[in-house]
Amino acid sequence: MAGMVEEYHAVPGVVSVLSTILERLGERNDAVRGRPVAPHHCASAFHGLTKPSISVRCYLERIFRYAGCSLSCYVAAYIYLDRFLRRHPAVSLHSLNVHRFLITSVLAAVKFVDDLHYNNAYFAKVGGINLVEMNYLEVDFLFGIGFELNITPVMFTAYCSILQREMYLESPPSPPRLHSCSTEEDPSSSCQQKQVAVHLVFSGT
């Protein structure tokens, strides 16, 4: 892409595991996909006509290499995607919409989490869409989650723990899905355990 210098960056654990979750979810939903959502639905803008040639993993790694956002943004994007799907049970992530949902959730996350970030025009280039579409997707996504952007420390570490577990699952015991987390403290979980989960997700080690 013009204006972007190709550099090598080791892909951290949070990016790898999130791409794995979304790829599995998309493949499963492709096999059982029903009717598309109604044209007026907030998710209809994310629905493409053809499957993108770039895989979810390569797409998320592209975002990681070029967007310059903190690793916390990927956890936040994961939480926002979960919120969207919980608020709209008729919507599922599949190969025709997952890329747009991904770039938009990261854009929403970077604006809430990071003090410094690129603008919508830059994110549109990274995501391979035009600025007008990026702006529309952002608005539809924010309405889709009810502008619920706040993430408590308890919820953040809970989702990190989920991602950590996913990193070590060789064969998932149940169909892949996004996970809803309780915002209540787990008395059996220590602060140290949560910090370890966060570290493992971010480092991938």
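This text gives an overview of the structure that appears in the document. (Residues numbered from 1 in each chain as written. Predicted model: local features only at pLDDT ≥ 70, side-chain atom pairs only at ≥ 80, totals over all residues. Heavy atoms only, no water.)

### Focus: the packing of aromatic side chains
Phase 1 of the analysis: Counted according to the given criterion, the structure contains nine aromatic pairs.
Phase 2 of the analysis: On the numbers, 5.5 Å between centres and 10 degrees between planes, the contact of Phe84 with Phe141 is stacked. Taken together, the residues span a long stretch of sequence, with Phe84 in helix H3 (residues 72–87) and Phe141 in helix H6 (residues 131–144) at a distance of 57 residues. The two residues Phe84 and Phe141 agree in class, both being buried.
Phase 3 of the analysis: Ring centres of Phe101 and Phe141 lie 6.5 Å apart, and the angle between their planes is 65 degrees; on these two criteria the pair is classed as edge-to-face. Of this pair, Phe101 sits in helix H4 (residues 98–113) while Phe141 sits in helix H6; the two residues are 40 residues apart in sequence, bridging distant segments of the chain. The pair Phe101 / Phe141 is uniform in exposure class, with both members buried. (Phe/Tyr/Trp six-rings, centres within 6.5 Å; stacked < 30°, edge-to-face > 60°. Helix = DSSP H or I, 4+ residues; strand = E, 2+ residues; numbered from the N terminus. Buried < 20%, exposed > 50% of the residue type's maximum accessible area, 1.4 Å probe, protein only.)

### Some remarks on the pattern of salt bridges
Phase 1 of the analysis: Scanning the model with the defined rule gives six salt bridges in all.
Phase 2 of the analysis: One salt bridge in this structure joins Glu166 and Arg24, with 3.0 Å as the shortest N-O distance. Here Glu166 is found in helix H7 (residues 153–167), whereas its partner Arg24 is found in helix H1 (residues 13–32), with 142 residues between them in sequence.
Phase 3 of the analysis: Note on Glu166: relative accessible area 12%, which makes it buried.
Phase 4 of the analysis: Its salt-bridge partner being Glu133, residue Arg100 comes within 2.7 Å of it at the nearest N-O pair. (Salt bridge = Lys/Arg side-chain N within 4 Å of Asp/Glu carboxyl O.)

### Brief notes about the environment of Phe147
Phase 1 of the analysis: Structurally, Phe147 is set in the loop between H6 and H7.
Phase 2 of the analysis: According to the relative accessible area criterion, Phe147 is partly exposed, its value standing at 45%.
Phase 3 of the analysis: In sequence terms Phe147 and Tyr80 are 67 residues apart; their C-alpha atoms lie 9.8 Å from each other.

### Here's the deal with the nonpolar core
One recurring pattern in soluble globular proteins: nonpolar side chains tend to sit buried together.
Phase 1 of the analysis: Core analysis: the largest hydrophobic core is formed by 56 residues, its most contacted members being Ile63, Tyr74, Tyr80 and Phe141.
Phase 2 of the analysis: For this core, the secondary structure elements donating two or more residues are H1, helix H2 (56–67), H3, H4, helix H5 (120–127), H6 and H7.
Phase 3 of the analysis: Examining the composition of this core, we find that 11 residues originate from one element, H3, more than from any other. (Core = buried A, V, L, I, M, F, W, Y, C linked by side-chain atoms within 4.5 Å.)

### What to know about H2
Phase 1 of the analysis: Helix length check: H2 (12 residues) gives 16 Å between terminal C-alpha atoms against 16 Å at 1.5 Å per residue, within 8%.
Phase 2 of the analysis: The complete set of buried residues in H2 reads Val56, Tyr59, Leu60, Glu61, Ile63, Phe64, Tyr66 and Ala67.
Phase 3 of the analysis: Of the surrounding elements, those touching the buried residues of H2 are H1, H3, H4 and H5.
Phase 4 of the analysis: Count one or two residues on from H2 and you reach Gly68, which has phi positive near 65 degrees. (Expected span 1.5 Å × (residues − 1). Contact = heavy atoms within 4.5 Å.)

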